[in-house]
Amino acid sequence: LALRAAMVHVIGDIVQSVGVCVAAALIWAFSDRWLDASGVSYWYRVDPVCTYLFSLLVLYSSYGTMSEAVHLLMAGVPSDINISEVRSRLKAIPCVVGAHDVHVWALSASKRNMWAHLTVSAGADSASVLHAAQRAAADFGCDHTCFQVESEGHICHALHCGPPDVAHDHSHA
């Protein structure tokens, strides 16, 4: 994100420098032509017009970077992640009967996190479920995970969590 912003900034500076040079050349070449009532050339107005146009260019080119930065700061779900697909993938793990409170967010363009509560059938090996969930998370590009493995029928004591039949997911979109 920072590298792309720097590149856009450098390209903007180059375009702006070329524009200033063109404006200066026009003012220099035509300063004695097209005069207003007070005797000042209209060509002198080229410089502030260029400045205005370049400010619009900067606003336009920085919108995408600012939008992505706000999305990252607000812990938004990466655009290529479908929470329903993540939940389905987690529920497809052997012995998992439910997945709720599923969260995926990005800390940067290359660092993603995932957490979820996984409800497993009675007698399930929670270590193998945990390892399978970590492999599934890695397939979605998540390199830091936190999974809570719960026995079937367990009611989570956190305020935002309940039994699997009344569970909910947050997409932070």
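Structure first, text after, so check above.
The structure contained in this document is the topic of the report that follows. (Residues numbered from 1 in each chain as written. Predicted model: local features only at pLDDT ≥ 70, side-chain atom pairs only at ≥ 80, totals over all residues. Heavy atoms only, no water.)

## With respect to helix H4 (residues 126–139)
Note: α-helices contain 3.6 residues per turn, so residues at a spacing of three or four share the same orientation.
Part 1: Along its 14 residues, H4 runs 20 Å from first to last C-alpha, staying within 8% of the 20 Å computed at 1.5 Å per residue.
Part 2: For H4, every residue scored as buried is listed here: Val129, Ala132, Ala133, Ala136 and Ala137. Along the long axis of H4, the arc covered by the buried residues comes to 145°, so they all point the same way.
Part 3: Positive phi appears at Gly141, one or two residues downstream of H4, with a value of about 85°. (Helix = DSSP H or I, 4+ residues; strand = E, 2+ residues; numbered from the N terminus. Expected span 1.5 Å × (residues − 1). Buried < 20%, exposed > 50% of the residue type's maximum accessible area, 1.4 Å probe, protein only. Arc of directions from axis to C-beta.)

## Quick look at the sheet that holds strand E2 (residues 112–120)
Part 1: The mixed open sheet is built from three strands, whose spatial order is E1-E2-E3. Each of the sheet's edge strands pairs with one partner strand only, and the pair in question is strand E1 (96–106) and strand E3 (144–151). Looking at each pair of strands side by side, their axes are set apart by 10° on average, direction ignored.
Part 2: Across eight bridges, E1 lies against E2 in antiparallel orientation. Bridge assignment links Gly98 to a residue of E2, and that residue is Thr119.
Part 3: On the sheet, helix H3 (residues 83–91) packs against E1, E2 and E3 and is oriented at approximately 140° with respect to E1.
Part 4: Strands in contact with H4 are E1, E2 and E3; relative to E3, the strand with the most contacts, it is inclined by about 145°. (Pairing = 2+ DSSP bridges. Axes fitted to C-alpha atoms, helices over the stretch in contact; angles between N-to-C directions. Contact = heavy atoms within 4.5 Å.)

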